[in-house]
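# Observations on the model geometry
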Amino acid sequence: MSPEYNNPESHALAAEASAAEGAGAVRVVTPPPARAVEEAGAGSSEAAGTSFPTDNAANLAENPEYPGEQLREDPHAEGQQQSPETNQQAADKAVDTPMEQLIDQYAAPQPGPVGGEIFDGRVIAVTDLGVVVDVGAKFEGLVPAQEFLDAGGIHFQSGDSIAVERLPEQKDGYVLLSHVRAHRRRVWEQIEKSHKEGLTLTGKVVDRIKGGLVVDIGIRAFLPASQLELRPVHDLEAWKDRELECRVLKLNRKRGNVVVSRRVILEEEQRKQREAFAETLSEGSIVTGKVKNITEYGVFVDLGGLDGLLHISDLVWGRIAHPSEVVSAGQEIQVQILKFDKEKMRISLGRKQLLPDPWATVPERFPVGTHLRGKIVGLADYGAFVHIEAGVEGLVHVSEMSWSKRLKHPSKMVKVGDEVEVVVLELKPEQRRISLGLKQMSQDPWAGVVEKYVVGSVVSGRVRNLADFGAFVELEEGIEGLLHVSDLSWTERVKHPSEKLKKGDTVEAKVLKIDGEHRRISLGLKQVNDIWANWFAGHKLNEVLKGKVVRNAAFGAFVELAEGIEALCHISEIEERRPKGESGDRGKQKTGKGTGPLLQGKEYEFKIIRLDPEQRKISLSYRAAQKQVERHDIEVFRSSKSSPNATIGDAILAKRQAN
């Protein structure tokens, strides 16, 4: 031992300082010499129930500035290092302090650090064992060097601030501390606060894994690829080592899982920008935007935080196949706001509205009757669209393509890309419509139809179509006539033209009527062999002839005079008219079925009392025929008998006897 260490005065001073420390007063401990440390070892001394860590000789040799157990004016002042002069003054004060005050201070319990508590300490030394930290609670602790292996070594220096958590263990006379645990607890508290309050964290992308990225926000957090940008990101490798802001979506502290999102921040910023920008917009205003995306149906334009749709129909005046023919991605264009829905944040844009309208001068440049050349740009079931000039198109209706009515679809006449010559038929500038005609460029076959097809002439044609009411017969290209079902046969009751004709048959028919204004020709098949005309030519009025009753009706009987020729014998011409009130056998016959004495299927003699060749009607009289026959018989009887006084009864009796 050195003489200095064995000095009784030094021992007395140390004892008094220890007693003062135990009583809660300020203690003064001077660093022991290296030899005393070697003899004492790495043990600890007890003074009034408080342990004091001692330093080994190696630490003292490597860190000559390490103060060991330092003098403190206030036991609760953290990290306050005293100078040697101050330590000496405090020691003198402690010696002069009355013993009674020291005993009173010792009796009062002193608060000590609790295990697991987090402190903000100050690094007072860096040794091979680790980092010695002054936490300002009457003890120094040690953060083991093993905690810094993952970080590549100790990166703290003397005087640096460090967060630590007290552990219940001790090592080499030091209270063990953990910087990693304190840091992790602080980080988790910050993460939980961020998740609860929606705060933004800053992290660094450290790795790429399946489905997303790993972001270091104090701990490793998972950032899904869908939460990285507003739109899908395909190249995740480009995001490595980048710092970015994010927010916590989900966390599980027990498992140590944290899911973060950058997209929610971008959406919030975008929403704020949209709301601010929306206040400056109004329908009809003109704005400048950048082409963001091009689709088949239109262009999405970025107006500065808010996207608008520029439909292909509002891009330019006229027809285009794809918007890329006019604009390209990234191009800046001027557009007009056509419609703005602030609730749904939808904007409809127009660009052609800012360009000169070609329809403004169409009536002056293309009046009705003008011949134009154009290009077929579209086909529909109802017609073909013809491009006349940029922004101006006309429609050739299918009915205006050919003089023939047989055209079912425009594709039978033209195809897309064909150059055609048309004539303007109608203009509707307010509706932006031009009606064009294609067939008008050729001669109208109906122009000389009246002279060519005279009424009464027999023509030949081909059956093109059948309908319930008749058959359409094509006489030539563009000219058709109608053969009505009632004009197919004199003798048969035809219900449908398919009973007599079929599509494609060649027939001969007579022209019955021509309506040039409405382009109609009426034809007759039965009129080619007109049995009525022949019959009327061979018979005259008041002629008595035989006929067969074919049908009975309440108003009379239908009598067949020849094949296909029927006449009507009215009921008033069948029986004699009798005075009112007179009854008899004939009167009883009227109440029954039939028409008196005329029986269906039997032949009788009738007298022609009316002929109407135009209406093809014949009226007969059975009663008049009977009277005429009776008069004829009387004349014959009188001429054959010598008696001039012979009566009609004698003649009838003679006729009956002859039969």
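The shown structure was predicted, so the numbers you read here are calculated from the model rather than taken from an experiment.

With that out of the way, let us pick up the overall build of the protein chain. Looking only at helices and strands, the protein chain has 14 helices and 32 strands in total. Looking at the protein chain residue by residue over its 659 residues, the buried ones come to 37%. Taking contacts inside the protein chain between residues at least 6 apart in sequence as the whole, the part at least 24 apart equals 57%.

If you walk through the whole model with that rule in mind, you get 20 salt bridges. For Arg231, the salt bridge goes to Asp307, with nearest N and O atoms at 3.7 Å. Separated by 76 residues along the polypeptide, Arg231 in the loop between strand E10 (220-224) and strand E11 (243-252) and Asp307 in strand E15 (residues 307-311) bring together distant segments of the chain. Close ionic contact of Lys502 with Asp505 constitutes a salt bridge, the shortest N to O distance being 3.4 Å. When its relative accessible area of 54% is taken as the criterion, Lys502 is described as exposed. Connected through salt bridges with shared partners, the residues Glu165, Arg181 and Arg185 form a single ionic network.

Turning to the pairing of strand E27 (residues 520-524), a few remarks are in order. The pairing of strand E25 (residues 479-484) with E27 spans two bridges and is parallel. Across the sheet, the residue bridging to Leu483 is Leu523, located in E27. Where strand E26 (residues 506-515) meets E27, five bridges bridge the pair, whose relative direction is antiparallel. Looking at E27, one finds that Lys513 is bridged to Ser522.

What the rule picks out here adds up to nine aromatic pairs. Ring plane angle 85 degrees and centroid distance 6.3 Å describe the contact between Tyr297 and Phe300, whose orientation is recorded as edge-to-face. Here Trp535 and Phe536 contribute two aromatic rings whose centre-to-centre distance is 5.7 Å and whose plane-to-plane angle is 85 degrees, an arrangement assigned as edge-to-face. The two residues Trp535 and Phe536 agree in class, both being buried.

Time to look at the sheet that holds strand E21 (residues 419-428). Judged by pairing direction, the barrel is mixed, and its five strands sit side by side in the order E18-E19-E20-E22-E21 before closing back on the first. Pairs of neighbouring strands in the sheet enclose a mean axial angle of 50 degrees, with direction left out of account. Judged from the five bridges that link them, strand E18 (residues 371-380) and E21 form a sheet pairing that is antiparallel. In the strand pairing of E21, Arg373 is matched with Glu421.

For the rest of this paragraph, the subject is the pairing of E25. Across six bridges, the pairing between strand E24 (residues 470-476) and E25 is antiparallel. Bridging from a neighbouring strand, Gly470 pairs with His484 of E25. Between E24 and E25, which pair antiparallel one after the other, the connecting turn spans two residues, and Gly478 there sits at a positive phi close to 95 degrees.

Looking now at the side chain of His179. Locating His179 in the fold gives a position in helix H7 (residues 179-197). Look at His179 and you get buried, because its relative accessible area is 16%. Within the local environment of His179, its side chain forms a polar contact with the backbone oxygen of Ala163, the two atoms lying 2.8 Å apart. Setting aside chain neighbours within four positions, we find His179 in contact with Val143, Glu147, Phe148, Phe156, Ile162, Ala163 and Val164.

Counting residues in hydrophobic clusters, the biggest one holds 21 residues, and the most contacted among them are Leu281, Leu303, Leu310, Ile347 and Leu349. Elements with a minimum of two residues in this core: helix H8 (263-278), strand E13 (286-294), strand E14 (298-302), strand E16 (332-341) and strand E17 (346-350). With four residues, E16 is the single largest residue contributor to this core. In contact with Leu349, not counting residues within four places along its chain, are Val301, Leu303, Gly308, Leu309, Leu310, His311, Asp314, Val335, Gln336, Ile337 and Leu338.

Below, the discussion takes up the sheet that holds E15. The five strands are arranged E13-E14-E15-E17-E16 in a closed barrel whose pairing can be described as mixed. Between one strand axis and the next, the sheet turns by 50 degrees as a mean value, whatever way the strands run. As defined by bridge partners, E16 adjoins E17 across five bridges and the pair is classed as antiparallel. Looking at the pairing, Gln336 lines up with Gly350 of E17.

Over its 16 residues, H8 extends 22 Å from the first C-alpha to the last, a length consistent with the 22 Å expected when each residue adds 1.5 Å. Inspection of H8 places Ile265, Leu266, Glu268, Phe277 and Ala278 among the buried residues, and these make up the whole buried set. Contact partners of the buried residues in H8: E11, strand E12 (257-261) and E16.

Along helix H11 (residues 531-538), the residues classified as buried are Trp532, Trp535 and Phe536. The arc that holds every buried residue of H11, seen down its axis, measures 95 degrees, which confines them to one face. Exposed positions of H11 whose direction lies more than 90 degrees from the buried face are Asn534, Ala537 and Gly538.

Take the environment of Leu395 next. The topology assignment puts Leu395 in strand E20 (residues 392-397). For Leu395, a relative accessible area of 24% translates into the label partly exposed. Linking Leu395 and Ile434, residues 39 residues apart in sequence, is a C-alpha distance of 6.3 Å.

Here the focus is the side chain of Ser489. Tracing the chain through its elements places Ser489 in the loop between E25 and E26. Discounting chain neighbours no more than four positions away, the residues touching Ser489 are Val494 and Lys526.

On average, residues of the protein chain carry a pLDDT of 76, and 75% of them reach 70 or more. Predicted confidence for residues 1-114 stays below pLDDT 50, and this span has 123 contacts to residues more than four positions away or in other chains. Below pLDDT 50 for its whole length, residues 584-594 participates in eight contacts with residues either more than four positions away or in separate chains.

This part covers the environment of Lys548. Relative to the elements of secondary structure, Lys548 occurs in strand E28 (residues 544-553). You can call Lys548 partly exposed: its relative accessible area is 36%. In the structure, Lys548 is positioned 58 residues away from Phe606 in sequence and 9.8 Å away in space, judged by C-alpha atoms. Not counting residues up to four positions away in its chain, the partners in contact with Lys548 are Phe558, Val559, Glu560, Gly601, Lys602 and Glu603.

Our next topic: unusual backbone geometry. Its identity as a non-glycine residue notwithstanding, Asp241 has a phi of 70 degrees, on the positive side. With respect to the helices, strands and loops of the structure, Asp241 is situated in the loop between E10 and E11. By relative accessible area, Asp241 is classed as exposed at 56%.

Looking at where Phe148 falls in the secondary structure, it is placed in the loop between strand E5 (140-144) and strand E6 (161-171). A relative accessible area of 2% means that Phe148 is categorised as buried. In this structure the C-alpha to C-alpha distance between Phe148 and Val131, which are 17 residues apart in sequence, comes to 9.8 Å. Excluding anything up to four places from it in sequence, Phe148 contacts Val131, Val143, Gly153, Ile154, His155, Phe156 and His179.

Definitions and limits used
- Residue numbers run consecutively from 1 along every chain, following the written order of its sequence.
- For a predicted model such as this one, the threshold for reporting local features is a pLDDT of at least 70, and the threshold for listing and counting side-chain atom pairs is 80 or more; totals across whole chains, interfaces and linings nevertheless cover every residue.
- Calculation of side-chain values draws on the structure's entire complement of heavy atoms; hydrogens and water are dropped beforehand.
- Runs of H or I in DSSP of at least four residues are treated as helices and runs of E of at least two as strands, each being numbered from the N terminus.
- Burial here depends on accessible area, computed with a 1.4 Å probe over protein chains only, as a share of the maximum for the residue type. Under 20% is buried, over 50% is exposed, and the range in between is partly exposed.
- By definition in these notes, contact holds between two residues if any of their heavy atoms fall within 4.5 Å.
- Just to be clear on terms, a salt bridge is a Lys or Arg side-chain nitrogen sitting within 4 Å of an Asp or Glu carboxyl oxygen.
- Think of it this way: DSSP has to see at least two bridges between two strands before they count as a pair.
- In this analysis, rings of Phe, Tyr and Trp, with Trp reduced to its six-membered ring, are considered paired at centre separations within 6.5 Å, and the interplanar angle assigns stacked below 30 degrees, edge-to-face beyond 60, and tilted for intermediate values.
- Only the contacting stretch of a helix is used when fitting its axis, a line to C-alpha atoms as for every element, and angles between N-to-C directions run 0 to 180 degrees.
- For the purposes of these results, a polar contact is taken to be a pair of N or O atoms within 3.5 Å, where, inside protein, one atom must be able to donate a hydrogen and its partner to accept one; residues adjacent in sequence count only when each atom of the pair is a side-chain atom.
- Nonpolar core, defined: a set of buried Ala, Val, Leu, Ile, Met, Phe, Trp, Tyr and Cys residues in which side-chain atoms within 4.5 Å join the residues together.
- Any helix carries an expected span of 1.5 Å times its number of residues minus one.
- This arc corresponds to the set of directions leading from the helix axis out to the C-beta atoms.
- Every residue gets a pLDDT, meaning the predictor's confidence in that residue, from 0 to 100.

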